[in-house]
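One-letter residues, chain by chain:
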Amino acid sequence: VPNLYTSYKINAKRAVGLGISVPFGLKTEYDDNWIGRYHSRSFDIKTININPSVAFKLTQGVSLGLGLNVQHIQATYKKATPVPIPHPITGQIIGVTTGDVKTKVSNTGVGFNVGLLFEPSEDTRIGISYRSRIKHKAKGDTDLDFTVLNPATGAPMSVHRSSDASATVSLPDLAILSGYTRLNDKWELLGDISWTGWSSIPELTIENKTLPTASLNLRFKDSWRVAVGANYQLNDSWKLKGGLAWDQSPVRSTENRPASLPDKDRFWLSVGVQYKPATNTTIDVAYTHLFASKAKVNNTNDDIAKYGRLSGSYKADANVIGIQVSHRF
């Protein structure tokens with residue numbers, strides 16, 4: 001959210017379009033003093049993708065689409081971190097306190113997408129599409145705040161340190177095979193199979209110029225999603241919709257399931273309705289419930305001495321409500 005799409009037909013064989021969407025985004029947030037605060041307190045990723053495109057009708061029943069993706073990413077990561085306290089004179093480590101670390105980075109990258117549409121009949125369409133990886137070399141700042149005792153007065157003293165930060169991540173490529181067929185004047189069937197190349201993110205490392213490096217050992221795996229749906233034309237103005245999907249998580253093991261993304265395979269159940277108030281206007285309203293499997297975690301982030309072991313399980317579900325308006329000029 002949000003998204004906007006527009007297209008213009010130049011002639012019988014050429015068209016141009018523009019899409020603005022949010023292909024990737026997530027946020028997890030915990031209480032400040034929760035047991036896994038050294039793993040994550042908050043993790044927030046936002047993207048926005050601007051996608052100009054052009055389409056060509058190659059032959060009767062075959063069309064080709066090409067697009068450019070200009071994608072902006074912004075990520076914020078907050079967590080607790082152990083901070084060694086040196087002796088003010090000798091420099092020897094005399095204790096450890098807890099600090100609050102916040103990293104914020106952003107970048108704009110470029111990719112492409114391509115698609116083929118086959119129409120073997122007026123009632124059947126088959127689509128194949130591919131969206132490329134986009135490599136982001138994000139830059140920003142890391143801030144560290146902690147409290148120590150003033151060696152002169154013995155009173156608490158706040159300390160702030162800041163550093164230039166950078167992180168490199170390749171957001172995954174995506175391939176989709178989809179199909180649509182109209183059975184009769186009332187029923188339509190739809191389905192798709194999609195593959196996402198999440199293995200492009202084996203880890204996430206935040207390089208800091210004057211502060212310690214932070215790293216998440218993610219070991220993401222490529223994932224699949226399978227969806228089926230049906231539409232029922234109630235009358236000239238109303239259409240009923242429904243669908244099911246199985247969505248595989250890129251996180252597969254309890255040892256690599258991070259607190260920032262305690263993800264697991266999930267099922268989607270969707271229902272919706274389309275209303276057509278005028279010949280060229282449609283309004284769609286839909287509701288989706290996500291059933292997520294229980295996700296166990298046993299994560300040390302490869303450094304149990306520094307982060308501790310996060311062990312337990314997550315149980316989650318989600319409700320999604322969508323509204324879409326389409327108009328043909």
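Our subject is the structure that appears above.
Residues numbered from 1 in each chain as written. Predicted model: local features only at pLDDT ≥ 70, side-chain atom pairs only at ≥ 80, totals over all residues. Heavy atoms only, no water.

(A) Local environment of the overall build of the protein chain. Helix and strand counts for the protein chain stand at one helix and 20 strands. Relative to its 329 residues, the protein chain shows a buried fraction of 36%. Surface accessibility of the protein chain: about 19,500 Å² in total, with carbon and sulfur atoms responsible for 58%. Of the side-chain charges in the protein chain, 38 are positive and 28 negative, and the distance between the mean point of each set is 3 Å. (Helix = DSSP H or I, 4+ residues; strand = E, 2+ residues; numbered from the N terminus. Buried < 20%, exposed > 50% of the residue type's maximum accessible area, 1.4 Å probe, protein only. Areas by Shrake-Rupley, 256 points an atom, 1.4 Å probe, with all protein chains shown as cover. Lys, Arg positive; Asp, Glu negative; His and termini not counted. Charge placed at Lys NZ, Arg CZ, Asp CG, Glu CD.)

(B) Seen up close, the environment of aspartate 145. With respect to the helices and strands, aspartate 145 occurs in strand β8 (residues 134-149). Residue aspartate 145 is classed as partly exposed on the basis of its relative accessible area of 33%. Those residues within four positions of aspartate 145 in sequence are excluded, and the remaining contacts are Gly99, Asp100, Val159 and His160. Among the polar contacts listed, one links the side chain of aspartate 145 to the side chain of histidine 160, at a separation of 2.8 Å. (Contact = heavy atoms within 4.5 Å. Polar contact = N/O pair within 3.5 Å; in protein donor to acceptor, adjacent residues only side chain to side chain.)

(C) Layout of the environment of glycine 25. Tracing the chain through its elements places glycine 25 in strand β3 (residues 25-29). As a C-alpha pair, glycine 25 and isoleucine 73 span 48 residues in sequence and 9.1 Å in three-dimensional space.

(D) Quick look at the pattern of salt bridges. Under the defined criterion, the tally for this structure stands at eleven salt bridges. For aspartate 173, the salt bridge is made with arginine 133, and the minimal N-O distance between the two is 3.8 Å. Taken together, the residues span a long stretch of sequence, with aspartate 173 in the loop between β9 (156-171) and β10 (174-182) and arginine 133 in the loop between β7 (124-131) and β8 at a distance of 40 residues. For glutamate 188, the salt bridge identified is with lysine 239, shortest N-O distance 3.2 Å. Within this pair, whereas glutamate 188 is found in strand β11 (residues 187-196), its partner lysine 239 is found in strand β15 (residues 238-247), the two being separated by 51 residues in sequence. Residue glutamate 188 is classed as buried on the basis of its relative accessible area, which comes to 7%. (Salt bridge = Lys/Arg side-chain N within 4 Å of Asp/Glu carboxyl O.)

(E) Representation of the environment of asparagine 150. Tracing the chain through its elements places asparagine 150 in the loop between β8 and β9. On the basis of relative accessible area, asparagine 150 is assigned to the partly exposed category, the value being 23%. Each C-alpha atom of the pair asparagine 150 and proline 88 lies 9.7 Å from the other, and the pair is 62 residues apart in sequence. Discounting chain neighbours no more than four positions away, the residues touching asparagine 150 are Ala155 and Met157.

(F) Region of the structure containing the pairing of strand β13 (residues 214-217). Bridging between strand β12 (residues 203-208) and β13 involves four bridges; their strand directions are antiparallel. Looking at the pairing, isoleucine 206 lines up with alanine 214 of β13. Between β12 and β13, which follow one another and run antiparallel, lie five residues. (Pairing = 2+ DSSP bridges.)

(G) Spatial organisation of a positive patch on the surface. On the surface, Lys9, Lys13, Lys57, Lys276 and Arg328 cluster together into a positively charged patch. Relative accessible area serves as the criterion here: at 61%, arginine 328 is assigned to the exposed category. (Patch = residues over 30% accessible without salt bridge, like charges linked within 9 Å, V, L, I, M, F, W, Y side chains within 5 Å.)

(H) Main features of the packing of aromatic side chains. This model, assessed by the stated rule, comprises seven aromatic pairs. Between phenylalanine 24 and tryptophan 198 the ring centres are 5.8 Å apart and the planes differ by 75°, which places this aromatic pair in the edge-to-face class. In this pair, phenylalanine 24 sits in the loop between β2 (14-21) and β3 while tryptophan 198 sits in the loop between β11 and β12, placing the two residues 174 residues apart along the sequence. Each member of the pair, phenylalanine 24 as well as tryptophan 198, carries the same accessibility label: buried. Between arginine 125 and the ring centre of tyrosine 180, over which it is positioned, the NZ or CZ distance is 4.2 Å. The side chain of arginine 225 reaches across the aromatic face of tryptophan 268, ending 5.1 Å from its centre. (Phe/Tyr/Trp six-rings, centres within 6.5 Å; stacked < 30°, edge-to-face > 60°. Lys NZ or Arg CZ within 6 Å of the ring centre and 35° of its normal.)

(I) Expanded view of the nonpolar core. Ranked by internal contacts, the top residues of the largest apolar core, which has 21 residues, are Leu171, Ile201, Leu204, Ile206, Leu218 and Phe220. Elements with a contribution of two residues or more to this core: β4 (42-59), β5 (62-86), β9, β12 and β13. What leucine 204 contacts, discounting residues up to four positions off in sequence, is Phe43, Ala167, Val169, Ala214, Ser215, Leu216 and Leu218. Listed in part, the eight residues of the second largest apolar core include Val83, Ile85, Phe146 and Leu211. (Core = buried A, V, L, I, M, F, W, Y, C linked by side-chain atoms within 4.5 Å.)

(J) Representation of the side chain of histidine 39. Here histidine 39 lies in the loop between β3 and β4. On the basis of relative accessibility, which here comes to 8%, the residue histidine 39 falls in the buried class. Those residues in contact with histidine 39 that lie beyond four places of it in its chain are Tyr77, Lys79, Ala259, Asn299, Thr300, Asn301, Tyr307, Gly308, Arg309 and Leu310.

(K) Summary view of the side chain of threonine 142. For threonine 142, the position within the fold is in strand β8. We classify threonine 142 as buried; its relative accessible area is 1%. A polar contact is formed between the side chain of threonine 142 and the side chain of asparagine 208, at a distance of 2.5 Å. When sequence neighbours within four positions are dropped, the list of residues in contact with threonine 142 reads Val101, Lys102, Thr103, Arg161, Ser162, Ser163, Ala165, Ile206, Asn208 and Leu211.

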